[in-house]
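Descriptive analysis of the structure
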Amino acid sequence: MVTATITQEGWIALPKEILTALHLGAGDQIQFELDSMSSARCIITNKRDIMSLQGIVANPGKSISLEAMDTAIKARAANQL
């Protein structure tokens, strides 16, 4: 468990371990939801720019046609019957 301390001004500095694990940075937002048992849950509400996702999935090297995909799907389905 990681702990953060609240300052007199009510600020919380999130530990680097948490920032890194949740991919948080300046400008990201966190919502706090209270429940009936006086506990709180944090909800990360970062809104990332679509361009930040570029390169997240490796390029397979070659493409495949829709017909080839359909053939592969049909063959796999036939093997599972």
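Presented here is an overview of the structure given in this document.

Procedures and definitions
- Residues numbered from 1 in each chain as written.
- Predicted model: local features only at pLDDT ≥ 70, side-chain atom pairs only at ≥ 80, totals over all residues.
- Heavy atoms only, no water.
- Helix = DSSP H or I, 4+ residues; strand = E, 2+ residues; numbered from the N terminus.
- Rg over C-alpha atoms; globule rule 2.2 N^0.38 Å.
- Buried < 20%, exposed > 50% of the residue type's maximum accessible area, 1.4 Å probe, protein only.
- Contact = heavy atoms within 4.5 Å.
- Areas by Shrake-Rupley, 256 points an atom, 1.4 Å probe, with all protein chains shown as cover.
- Lys, Arg positive; Asp, Glu negative; His and termini not counted.
- Charge placed at Lys NZ, Arg CZ, Asp CG, Glu CD.
- Pairing = 2+ DSSP bridges.
- Salt bridge = Lys/Arg side-chain N within 4 Å of Asp/Glu carboxyl O.
- 1 Å grid on protein atoms, 1.4 Å probe; cavity = no way out; pocket = protein on both sides within 12 Å on 5 of 7 lines; lining within 4 Å.
- Points joined across faces, edges and corners; volume = space filled by probe spheres on them.

Our next topic: the overall build of the chain. A count of helical and extended segments in the chain gives two helices and two strands. Listing the helices and strands of the chain from first to last along the sequence gives α-β-β-α. Whereas a compact globule of 81 residues would reach a radius of gyration of roughly 12 Å, the chain reaches 23 Å, over 25% beyond that. Overall, the chain is about 65 × 30 × 20 Å in size when its C-alpha atoms are taken along their principal axes. Every one of the 81 residues in the chain was classed for burial, and the buried ones make up 2%. For the chain, the proportion of contacts with a sequence separation of at least 24, taken over those separated by at least 6, is 9%. When the accessible area of the chain is evaluated, it comes to approximately 7900 Å², of which 59% is carbon and sulfur surface. For the chain, the distance from the average position of its 7 positive side-chain charges to the average position of its 8 negative side-chain charges is 11 Å.

Turning our eyes to something else, we now look at the pairing of strand β1 (residues 30–34). As judged from the five bridges shared by β1 and strand β2 (residues 40–44), these two strands associate in the antiparallel manner. Residue pairing across strands places E33 opposite R41, the latter belonging to β2.

Considering all chains together, one arrives at one salt bridge under this definition. Here R41 ties to E33 by a salt bridge, and the two come within 3.2 Å at their closest N and O atoms. What makes R41 partly exposed here is its relative accessible area of 48%. Taking the relative accessible area as the measure of exposure, E33 reaches 39% and is therefore partly exposed.

So, on to the layout of surface pockets. Considering only enclosed or pocket space, the largest pocket measures out at about 340 Å³ in volume. Broken down by secondary-structure element, the contributors of at least two residues to the lining of the largest pocket are β1 and β2.

Moving on: unusual backbone geometry. Positive phi is not limited to glycine here, since H23 has a value of about 55°. By the element assignment, H23 lies in the loop between α1 (16–21) and β1. For H23, a relative accessible area of 59% puts it in the exposed group.

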